[in-house]
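Structural characterization, general
Below are the chains, spelled out letter by letter.
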Amino acid sequence: MLNSMDPQNVFSKQVPKNLIANIVYFIVSLASGLFLVPYFINSLGVASYAMIPLATSFTAYVNLIMVSLNTSVSRPITIELQREEFKKANVTFNTALFGTLVIILLMLPIVLLLSYYSPLFFGVPSSQENATRILFLGVISAFLLRAWSSNFGVFLFAYNRLDLLNIINAINILLQLGLIILFFKLDSPNLAYIGLAYLIAAIVAFVLTVFFSHKISPLLTINIKDFSRSKAKEIMEMGGWVIITQIGSLFFLQIDLIVVNKLFGTLAGGEYSIAFMWSSVLRTIAGVLISILTPVILTYYIKGKTEELINLSKSAIKLTGFALALPIGFICGFAPQLLFLWVGPEFVKLSPLMLIMLSHLVINLPVMLLFDINVAYNKVRTPGIVTFWMGIGNFLLEVILPFVTGWGYYGVAVAGAIVLILKNAIFIPWYATKVLGIPRTTFMGSMFPGALAMLIIAGACRLINFFVPISGLGPLIIFGIIVTIVYMGGIWIFTKENVERQIIMSIIPSFIKYRLKLKIKSSAK
């Protein structure tokens, strides 16, 4: 079993490990996405490729109940384990485990119907109907299995072993990739093989999650007698509002793919999915950065260290914005060149779409950290209601705006950006300050440095291409390295003597600090 989860211990020992594992997972996820998109387009065609992100987006709808319940479970289990109340933790765990199993069994008929009628709903050619059904069934079943296994993963979260969780996630992606290529090589490109690969990879990830959870917490026991109705009610009270939040979030994050496919056809859906992939990548980056601090925020709440929690949140938002500014600015600045080299010259026309979809994320993604404050303080009702209704508004605006303006699927992207800014950049920071009882503008100053940095990087990339037109991968990589080095140097100077510098230093692995002969000040000073 792990040692104490004292916040200082977390920063000095476990956070660097989590960061390395998160970076590895992100690299694996990014490389897989960059490889698979052109691979699928070349082997299946743009229209058939559009079915793949649609299938994965539907998993989000099927999976929202499971994710919401697990979010609700992680809070009490973390508190109980830190207080060494192991019997209570087992009751919470078994209540969630068997409760979610019942929900999964009840959802299976819906999954079967959704998979069976997916070709009819999306107008798939008759030759692709059965393959599409298997794709949807395999992908959705895989996500349900991963969602159930996350009940075991809660113990890894509670002990701040996010490194193990991300190793499992990386193995899941690599196995998906390897199986898809193997099946395509052994037979022929087929959507059905993608669904099968997702399901097999999910089974392996499930086994690994159970194994590591038992290693980290040997007191973990599976016993249906520990199922508690009162605990289930407690979980559902919080989980219900988290579910409402998740539903609203899905209307922000996933509904645009369905809207574009239904309004403008599968070909337009495939084109939109190409730009959408970069949005998913950036969300993954944000998740990598934010997830390593989530257990720490919960720990500060448990120990009553409100001031430290506020300072950490402000610094984390600023640093996440700085971290996102680099890839967002680079992608927006070199969007035509990236599309040309990645998927071909016929898709360079999508560069304005990428600008619309990505530029606002430098503000909207870092503040996601503040939702963890709502969870820690069990204040999820109001965010749930607001997110749900704003999600409905986002869906309606995405349907109406393209026809009012004549912008086509660009209107869908603009609508999503407008409503997401209203929710993330305005409501979420304000509500977090209300929960904490602090001035309303507390987090505002932390949101804009990243946006300014992103604009500077994007402008610099455009200027580079104006004076030295880039036509190959080599020059793009060289200028990318130059921009990165200059930017990181600037951030290092900008954060001098700031608390952000201390946080950066605290998450650098000790062997790197030793090699670079860096001196870190103790947090006591």
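Chains are numbered independently. Their residues run from 1 in the order of the written sequence. Residue-level local features of this predicted model are given only where pLDDT is at least 70; pairs of side-chain atoms are given and counted only at 80 or more, and the full residue set underlies all totals for whole chains, interfaces and linings. Hydrogens and waters are ignored; side-chain quantities use all the structure's heavy atoms.

1. Focus: the overall build of the protein chain
Each helix is a run of DSSP H or I of at least 4 residues and each strand a run of E of at least 2, with the numbering of both proceeding from the N terminus. Broken down by element type, the protein chain carries 22 helices and zero strands. Classification of residues uses two cut-offs on accessible area relative to the type maximum, computed with a 1.4 Å probe and protein chains only: under 20% is buried, over 50% is exposed, and between them is partly exposed. By the burial criterion, 56% of the 525 residues in the protein chain qualify as buried. Partitioning the contacts of the protein chain with sequence separation of at least 6, the portion at a separation of at least 24 is 81%. Computed by Shrake-Rupley with a 1.4 Å probe, the accessible areas treat only the displayed protein chains as cover when residues are assessed. When the accessible surface of the protein chain is split by element, carbon and sulfur atoms take 69% of a total near 23,000 Å². The contact definition used throughout considers only heavy atoms, calling two residues in contact when any of these lie within 4.5 Å.

2. Thoughts on the side chain of Thr320
Note that Thr320 resides in helix α12 (residues 306-333). For Thr320, a relative accessible area of 5% puts it in the buried group.

3. Side note on the nonpolar core
The term nonpolar core refers to a set of buried residues drawn from Ala, Val, Leu, Ile, Met, Phe, Trp, Tyr and Cys, joined through side-chain atoms within 4.5 Å. Ranked by size, the top nonpolar core spans 140 residues in total, and within it Phe40, Leu135, Ile194, Tyr272, Ile274 and Leu358 carry the most contacts. Structurally, this core is a two-domain feature, drawing no fewer than three residues from each of domain 1 (12-242) and domain 2 (252-524). Those residues in contact with Leu358, other than ones at most four positions away along the chain, are Trp278, Ser279, Leu282, Ile328, Ile331 and Cys332. Domain segmentation is taken from an automatic or database assignment of domains.

4. So, the packing of helix α10 (residues 266-291) against helix α14 (residues 351-358)
Two elements in contact, α10 and α14, have axes whose closest approach is 9 Å; the angle formed by their N-to-C orientations is 35°. Once α10 is placed against α14, the crossing between them reads as right-handed. Seen from α10, the contacting residues are Tyr272, Ala275, Phe276, Trp278, Ser279 and Leu282; seen from α14, they are Leu353, Met354, Met357 and Leu358. To define axes, lines are fitted to C-alpha atoms, for helices over the stretch in contact only, and angles between the resulting N-to-C directions are given on a 0 to 180 degree scale. With the far helix as reference, a near helix turned anticlockwise by less than a right angle produces a left-handed crossing, and one turned clockwise produces a right-handed crossing.

5. Brief notes about the pattern of salt bridges
A carboxyl oxygen of Asp or Glu within 4 Å of a side-chain nitrogen of Lys or Arg is what we treat as a salt bridge. In the structure shown here, the tally under the stated rule is three salt bridges. Note that Arg133 and Glu129 form a salt bridge whose closest N and O atoms lie 4.0 Å from each other. With Arg133 and Glu129 both in helix α5 (residues 129-158), this residue pair falls four residues apart, about one helical turn. Assessed through its relative accessible area of 28%, Glu129 is described here as partly exposed. Among the salt bridges present, the one from Lys349 reaches Glu271, with a minimum N-O distance of 3.1 Å. Here Lys349, found in the loop between α13 (335-342) and α14, pairs with Glu271, found in helix α10; they are 78 residues apart in sequence, far enough to count as distant. You can call Lys349 partly exposed: its relative accessible area is 47%.

6. Re the packing of aromatic side chains
Two rings from Phe, Tyr or Trp (for Trp, the six-membered ring) form a pair when their centres sit within 6.5 Å of each other. Planes less than 30 degrees apart are called stacked, planes more than 60 degrees apart edge-to-face, and all others tilted. With the rule as written, the count across this model stands at 21 aromatic pairs. With a centroid separation of 6.4 Å and 90° between ring planes, the pair formed by Trp148 and Phe152 is classed as edge-to-face. Of this pair, Trp148 and Phe152 are both found in helix α5, four residues apart, which corresponds to roughly one turn of the helix. On the accessibility criterion, Phe152 (3% relative accessible area) is buried. An aromatic cluster is defined as three or more aromatic residues linked by ring pairs; in this entry it consists of Phe35, Tyr39, Phe40 and Phe184. Sitting above the plane of the Tyr116 ring, Arg133 keeps its charged end 4.3 Å from the centroid. For a Lys NZ or an Arg CZ to count as sitting over a ring, it must be within 6 Å of the ring centre and within 35 degrees of the ring normal.

7. Some points on the packing of α10 against helix α18 (residues 409-436)
Following both chains from N to C, one finds α10 and α18 inclined at 30°, their axes separated by 11 Å at the closest point. One finds that α10 runs roughly parallel with respect to α18. From α10, Ala268, Glu271, Tyr272 and Arg283 reach across to α18, where they touch Tyr409, Val412, Ala413 and Leu420. Its residues assigned to classes, the contact of α10 with α18 shows six nonpolar, no polar and two charged. Note on terminology: angles under 35 degrees are roughly parallel, angles over 145 are roughly antiparallel, angles of 65 to 115 are roughly perpendicular, and the others are oblique. Just so you know the grouping, Ala, Val, Leu, Ile, Met, Phe, Trp, Tyr, Cys and Pro go in nonpolar, Asp, Glu, Lys and Arg go in charged, and all remaining residues, Gly too, go in polar.

8. Comments concerning the environment of Phe395
With respect to the helices and strands, Phe395 occurs in helix α17 (residues 381-405). The spatial distance from the C-alpha of Phe395 to the C-alpha of Ile255 is 6.9 Å, given a sequence separation of 140 residues.

9. Overview of the confidence of the model for the protein chain
Low pLDDT marks regions whose predicted coordinates should not be analysed in detail. Of all residues in the protein chain, 84% have pLDDT values of 70 or greater, and the mean over the chain is 80. When the elements of the protein chain are averaged for pLDDT, helix α22 (residues 510-515) gives the smallest value, 56, and α14 the largest, 91. Here pLDDT means the predictor's own confidence in every residue, given as a number from 0 to 100. Predicted confidence for residues 1-12 stays below pLDDT 50, and this span has 33 contacts to residues more than four positions away or in other chains. Note that residues 518-525 has pLDDT below 50 and, in this model, nine contacts with residues that lie over four places away or in other chains.

10. Focus: a nonpolar patch on the surface
Like charges within 9 Å and nonpolar side chains (Val, Leu, Ile, Met, Phe, Trp, Tyr) within 5 Å are joined into patches, using only residues over 30% in relative accessible area that form no salt bridge. Together, Phe340, Leu341, Leu473, Ile477, Ile481 and Ile485 make up a nonpolar patch on the protein surface, roughly 570 Å² of accessible area in all. Mapped by element, the contributors of at least two residues to the nonpolar patch are α13 and α20 (473-494). Considering every element that reaches the nonpolar patch, the biggest residue donor is α20, with four residues.

11. Some words on the environment of Gly445
Along the polypeptide, Gly445 turns up in helix α19 (residues 444-467). For Gly445, a relative accessible area of 52% puts it in the exposed group. Residues Gly445 and Lys318 lie 127 residues apart in sequence; the distance between their C-alpha atoms is 8.4 Å.

12. Some words on helix α7 (residues 191-216)
Each α-helix winds once per 3.6 residues, and so residues spaced three or four apart point in a common direction. Helix span, as expected, comes to 1.5 Å for every residue beyond the first. Taking 1.5 Å as the rise per residue, α7 with 26 residues should run 38 Å; its terminal C-alpha atoms sit 38 Å apart, in good agreement. The backbone nitrogen of Ala192 has a side-chain oxygen 2.8 Å away, supplied by the residue at the start of α7, namely Asn190. As used in this structure description, the phrase polar contact means that two N or O atoms lie within 3.5 Å; if the pair is within protein, one of them must be able to donate a hydrogen and the other to accept it, and residues adjacent in sequence are counted only when both atoms belong to side chains.

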